[in-house]
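Listed below, chain by chain, are the residues.
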Amino acid sequence: MSTATKKSLLIELGTEELPPKALDELAAAFANGIAEGLKKRGVEADAANAKTYCSPRRLAVLIPAVAAEQPSQKSEVLGPYLNIGLDANGAPTPALQGFAAKNGVAVEQLQRLTDTKGERFVARSEKPGRPTPELIPEVVAEALKALPIPKPMRWSDHDYAFVRPAHWLVMLHGGDIVDGEIFGLKSGRSSRGHRFHHPQPVHVADADSWLDALRAAKVLADLAARRARVRDEIAWAAKETGGVPRLSDALCDEIANLTEWPVAIACAFEREFLAVPQEALVMTMETNQKFVPVFDASGKLTEHFIGVANIESKDPAEIRKGYERVIRPRFADAKFFWDEDLKTPLAAQQDGLKSVTYQQSLGSVWDKCVRVAELARVIANRLGIDAGLATRAAALSKCDLLTRMVGEFPELQGVMGRYYAIANREHAEVAAALDEFYAPRFAGDTIAQGKVGQILAVAERLDTLAGIFAVGLKPSGNKDPFALRRAALGLARTLIEGGLALDLKALLVEALQLLPETALAAGLPKGKDGKQPALDAGARREALAAELYDFILDRLRGYYADQGVAVEAFEAVRALASADLSDFDQRLKAVVEFSRLPQAQALAAANKRIGNILRQAGEGAAAKSVDPALLDAGAEAELYAAVEATAKTVAPLAAQRRYVDTLRELAGLREPVDRFFDGVMVMVDDAARRGNRLALLTRLRRMFLDVADISLLPAA
């Protein structure tokens, strides 16, 4: 089909204001549905260059070079085999006649084909393709039906439902109207412009001129262009304030999805509200009002903010007054919460935590704080950090949950704890820890910076993981209601990035020992009789600790994969089951560097070969130590000498955790190892020599295993 018969296709559905947080997903799904519908029907279209458009009042897609009709439609329907379709005389049976009639052809027009079972009849036909305009309404209907709308709404007395009531429909193929009806709306070429700037219909001459026609009617239907205008407008308005606006991508997207012609207005509030912690004011502005906060050069919040209107007002001062009037009572509430909370010391909230249930089998939030405090004490003592600060931070860690401010803004837990602790003159490290221990809060976030914060972060996550696993609520599939995967990764990252040399396996056991036995019993699976088996607390803790350790390491696999670390390198270190994750990290970095050396593949192959030989020889086959008197001159004696010399060098390096240097030294063994395997038979008949050679290989393998199982790396 020539390109001359292809024209752009425009579909626009106009609605009441669509939910801003769902708009991007709805628009993308709608465009994808239209493209897929055309593809399914064989209609040629330049779907790769399709454009997705949307605004608060419309979903639209523009697909260039859409063919005027389908290609001819060929069909092939398989019929009965010859032994069923023909009788003994070769005449058509009723089965064959019925097949022919069903497919609208005479028996004589049926063709034959042969498959694995024999020859059979087949009805082949070819019909001319339908005109594309006839197909578009059903394509649009399918695309709309497939949209991710959890709660569609109905309007008027119609039977159909959509995310919002629909008001107009434009369907154009080039300059021609595509006749059709969706949600009771007949298609046409009349769109609608800005609700206030251009309330009258917008005439659309053809599909390619639609975007410009809407722009002339004060509607930016291109989402990227609208986002760019939002940023430009805010930057312009910020000059009036003399400050620096903070506009996150998420807030920019939401503002763009709330406006069709965004216009920024610089505003201000009373300076007395700056006495409230700035995070609370910023939260109110961004979350509740979609306003953009303005900071000074040092990062401190100013009394200025920027609102984005959906209108180019002749009197922007009135809009400014409205925005300032709206924000004032919210800030007044925040100031009231702050002032009232300050009247009660943070520590005085502890008793209230006893009446807040954490989890039925795990007790109250206060019970959790007690467990976390004990873990924090143990960890602090092992790291040589002030245990008093760690336990104080743990005791106060959940107290801000009962404050008025956090009750209004749950996202500020931890942040407000820090402010209240500072106001109560708690130790600076304790105050910082109350905020930091929640970190990392999201992917890409940093860990707690202070040591007390790191200790509290580790203790908190240990108790969470141990408790929720114990009661049998561990993640399943995509379900992770307690965010345990995030907690496990946060725990591992804190240990690694904080350089905390701690035995994770021991800590998991200790966390499990602090749990009540009722919690350990709660997670036991019931038998066929519906009863739980008797609790063996020791065995239960041991099994849970092993399961938790593996769960945490599984999270680390993805963490390192994101850094470009090969899975073989990770497994080479994991094979040693290192309980200290900071040590695990150092070993892994050494293995990654070792794998880049030219000797790496050959030594990996040699380690794999050594492992196989020792495994086949069986336990006890090797001598307890190497007897130099039994060594043959040449390659065997050379390898022994090289191993002994290298051992003296690498022993202190490994003890100092200088794993990179250790593996570099071991890489020097490649040539004597290669000569040994080229010239020495290990499994000789002489039992003494065989055992001596196995002892030499055992010593060599253990030197590598002091760092990682190199045999798991890709071999030459």
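Preceding block: the structure.
Residues numbered from 1 in each chain as written. Predicted model: local features only at pLDDT ≥ 70, side-chain atom pairs only at ≥ 80, totals over all residues. Heavy atoms only, no water.

Draft legend 1. Quick peek at the pairing of strand β5 (residues 111-115). The pairing of β5 with strand β6 (residues 118-127) spans 5 bridges and is antiparallel. Across the sheet, the residue bridging to Gln111 is Val122, located in β6. Between the end of β5 and the start of β6, which pair antiparallel, lie 2 residues. (Pairing = 2+ DSSP bridges. Helix = DSSP H or I, 4+ residues; strand = E, 2+ residues; numbered from the N terminus.)

Draft legend 2. Quick look at the sheet that holds strand β10 (residues 176-177). A sheet is described by the order of its strands in space; here 5 strands give the open sequence β2-β3-β1-β9-β10, paired in antiparallel fashion. Edge positions in the sheet fall to β2 (51-55) and β10, since each of these pairs with one other strand and no more. Pairing of strand β1 (residues 7-15) with strand β9 (residues 166-173) involves 7 bridges; the strand directions are antiparallel. Following the sheet pairing, Thr15 is matched in β9 by Ala166.

Draft legend 3. Main features of the nonpolar core. Ranked by size, the top nonpolar core spans 142 residues in total, and within it Met285, Met405, Leu462 and Leu581 carry the most contacts. Top contributing element to this core by residue count: helix α16 (residues 451-470), with 12 residues. What Leu462 contacts, discounting residues up to four positions off in sequence, is Leu375, Ile379, Leu491, Leu504, Leu507, Leu508 and Ala511. Among the nonpolar cores identified, the runner-up in size contains 53 residues, and Val61, Trp155, Ala264 and Val292 belong to it. (Core = buried A, V, L, I, M, F, W, Y, C linked by side-chain atoms within 4.5 Å. Buried < 20%, exposed > 50% of the residue type's maximum accessible area, 1.4 Å probe, protein only. Contact = heavy atoms within 4.5 Å.)

Draft legend 4. Looking closely at the side chain of Arg226. With respect to the secondary-structure elements, Arg226 resides in helix α6 (residues 223-241). A polar contact is formed between the side chain of Arg226 and the backbone oxygen of Cys54, at a distance of 2.8 Å. Once you skip the residues sitting within four places of it in the chain, Arg226 turns out to touch Leu23, Cys54, Ser55, Pro56, Leu220, Ala221, Ala256, Asn257, Thr259, Glu260 and Pro262. (Polar contact = N/O pair within 3.5 Å; in protein donor to acceptor, adjacent residues only side chain to side chain.)

Draft legend 5. Geometry of a nonpolar patch on the surface. A contiguous nonpolar surface patch, about 180 Å² in accessible area, is contributed by Val356, Leu401 and Leu402. Along the chain, Leu401 turns up in the loop between α12 (387-396) and α13 (404-408). (Patch = residues over 30% accessible without salt bridge, like charges linked within 9 Å, V, L, I, M, F, W, Y side chains within 5 Å. Areas by Shrake-Rupley, 256 points an atom, 1.4 Å probe, with all protein chains shown as cover. Salt bridge = Lys/Arg side-chain N within 4 Å of Asp/Glu carboxyl O.)

Draft legend 6. Inspection of the packing of helix α1 (residues 20-40) against helix α4 (residues 132-145) at higher detail. Between α1 and α4, the shortest axis-to-axis distance is 8 Å and the interhelical angle comes to 135°. One element, α1, and the other, α4, form an angle in the oblique class. For the element pair α1 and α4, the recorded crossing hand is right-handed. Residues Phe30, Gly33, Ile34, Gly37, Leu38 and Lys40 of α1 form the contact with α4, whose participating residues are Ile136, Val139, Val140, Glu142, Ala143 and Leu144. Its residues assigned to classes, the contact of α1 with α4 shows 8 nonpolar, 2 polar and 2 charged. (Axes fitted to C-alpha atoms, helices over the stretch in contact; angles between N-to-C directions. Parallel < 35°, antiparallel > 145°, perpendicular 65-115°, else oblique. Left-handed = near helix turned anticlockwise from the far one by under 90°. Nonpolar A, V, L, I, M, F, W, Y, C, P; charged D, E, K, R; others polar.)

Draft legend 7. Region of the structure containing the packing of aromatic side chains. Taken as a whole and judged by the stated rule, the model has 20 aromatic pairs. Ring geometry for Phe269 against Phe331: centres 4.8 Å apart, planes inclined by 90°, an arrangement best described as edge-to-face. Here Phe269, found in the loop between β16 (263-268) and α8 (278-289), pairs with Phe331, found in helix α9 (residues 316-342); they are 62 residues apart in sequence, far enough to count as distant. Owing to a relative accessible area of 6%, Phe269 belongs among the buried residues under this scheme. Centre to centre, the rings of Phe273 and Phe331 are 5.7 Å apart; their planes meet at 70°, and the pair counts as edge-to-face. Of this pair, Phe273 sits in the loop between β16 and α8 while Phe331 sits in helix α9, and the two are 58 residues apart along the sequence. Residue Phe273 is classed as buried on the basis of its relative accessible area of 6%. By relative accessible area, which is 0% here, Phe331 ends up buried. An aromatic cluster of three or more residues is present, and its members are Phe269, Phe273, Phe291, Phe305, Tyr323 and Phe331. In this arrangement the basic side chain of Arg120 is found over the ring face of Tyr81, its NZ or CZ atom lying 4.4 Å from the centre. Seen from the ring of Tyr549, Lys505 lies directly overhead, with NZ or CZ sitting 4.7 Å from the centre. (Phe/Tyr/Trp six-rings, centres within 6.5 Å; stacked < 30°, edge-to-face > 60°. Lys NZ or Arg CZ within 6 Å of the ring centre and 35° of its normal.)

Draft legend 8. Molecular detail of α12. Most of α12 sits inside the fold, with 7 of its 10 residues counted as buried. When α12 is considered as a whole, its buried residues turn out to be Ala387, Leu389, Ala390, Ala393, Ala394, Ala395 and Leu396. Contacts made by the buried residues of α12 are with α10 (350-353), α11 (365-383), α15 (428-436) and α16. The backbone nitrogen of Gly388 lies 2.8 Å from a side-chain oxygen of the residue at the head of α12, namely Asp386.

Draft legend 9. Fine view of the layout of surface pockets. When its volume is computed, the largest pocket comes out at roughly 570 Å³. Surrounding the largest pocket, 18 residues form its lining, Lys398, Tyr438, Glu460, Thr464 and Arg486 being those nearest its centre. Sort the elements by how many residues they give to the lining of the largest pocket and α16 lands first, with 3 residues. Residue classes in the lining of the largest pocket are distributed as 9 nonpolar, 2 polar and 7 charged. In this structure, the second largest pocket occupies an estimated 430 Å³ of space. Around the second largest pocket, the lining comprises 18 residues; the ones closest to its centre are Met283, Glu411, Val415, Arg441 and Phe442. Elements that contribute at least two residues to the lining of the second largest pocket include exactly α8 and α15. (1 Å grid on protein atoms, 1.4 Å probe; cavity = no way out; pocket = protein on both sides within 12 Å on 5 of 7 lines; lining within 4 Å. Points joined across faces, edges and corners; volume = space filled by probe spheres on them.)

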